[in-house]
Amino acid sequence: MSENLRDRPIGVFDSGMGGLTVMRALMARLPKERFVYLGDTARLPYGSKSPDTVTRYAVQCARALATRRRRRHCRSSRRH
């Protein structure tokens, strides 16, 4: 039986601790939702990386969340 998308947690990923602030705000606005956070602190900061590198990191993070059957939300990669 396939899991309903509405039953899955919302995945949030970021290159550092700033994503936790965003996740807290999302949790306050969406109190009935479940969340999972992926902090890519091993490769921070993303700001000093090339657009291609940030895109590659974002795809890797999204895949990591997807393999855990999560919906994805990305804030950091929108800059590029």
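Residues numbered from 1 in each chain as written. Predicted model: local features only at pLDDT ≥ 70, side-chain atom pairs only at ≥ 80, totals over all residues. Heavy atoms only, no water.

Caption draft 1: Seen up close, the packing of aromatic side chains. Inspection of every chain in the model, using the stated rule, returns one aromatic pair. Ring geometry for tyrosine 46 against tyrosine 57: centres 5.3 Å apart, planes inclined by 55°, an arrangement best described as tilted. Linking tyrosine 46 in the loop between β2 (35-39) and α2 (51-67) with tyrosine 57 in helix α2, this pair joins segments that are eleven residues apart in sequence. What makes tyrosine 46 buried here is its relative accessible area of 1%. You can call tyrosine 57 buried: its relative accessible area is 11%. The ring centre of tyrosine 57 lies 3.9 Å from the NZ or CZ of arginine 43, which sits over that ring. (Phe/Tyr/Trp six-rings, centres within 6.5 Å; stacked < 30°, edge-to-face > 60°. Helix = DSSP H or I, 4+ residues; strand = E, 2+ residues; numbered from the N terminus. Buried < 20%, exposed > 50% of the residue type's maximum accessible area, 1.4 Å probe, protein only. Lys NZ or Arg CZ within 6 Å of the ring centre and 35° of its normal.)

Caption draft 2: Summary view of the nonpolar core. Core analysis: the largest hydrophobic core is formed by nine residues, namely Phe13, Leu38, Tyr46, Val54, Tyr57, Ala58, Cys61, Ala62 and Leu65. The dominant element in this core, judged by the number of residues it contributes, is α2, at six residues. (Core = buried A, V, L, I, M, F, W, Y, C linked by side-chain atoms within 4.5 Å.)

Caption draft 3: Inspection of the environment of methionine 27 at higher detail. Assignment of secondary structure puts methionine 27 in helix α1 (residues 18-29). Residues methionine 27 and isoleucine 10, spaced 17 residues apart in sequence, show a C-alpha to C-alpha distance of 10.0 Å.

Caption draft 4: Summary view of the side chain of aspartate 40. Within the secondary structure, aspartate 40 sits in the loop between β2 and α2. Within the local environment of aspartate 40, its side chain forms a polar contact with the side chain of tyrosine 46, the two groups lying 2.4 Å apart. Sequence-distant contacts of aspartate 40, that is, excluding residues within four places in its chain, are made with Asp14, Ser15, Tyr46, Tyr57 and Cys61. (Polar contact = N/O pair within 3.5 Å; in protein donor to acceptor, adjacent residues only side chain to side chain. Contact = heavy atoms within 4.5 Å.)

Caption draft 5: Spatial organisation of the pairing of β2. Bridge count between strand β1 (residues 10-14) and β2: five bridges; the pairing is parallel. From the neighbouring strand, valine 12 faces β2, where its bridge partner is tyrosine 37. Chirality of the crossover, the property in question, places the unit of β1, α1 and β2 among those that are right-handed. (Pairing = 2+ DSSP bridges. Right-handed = clockwise from strand over helix to strand, strands pointing away.)

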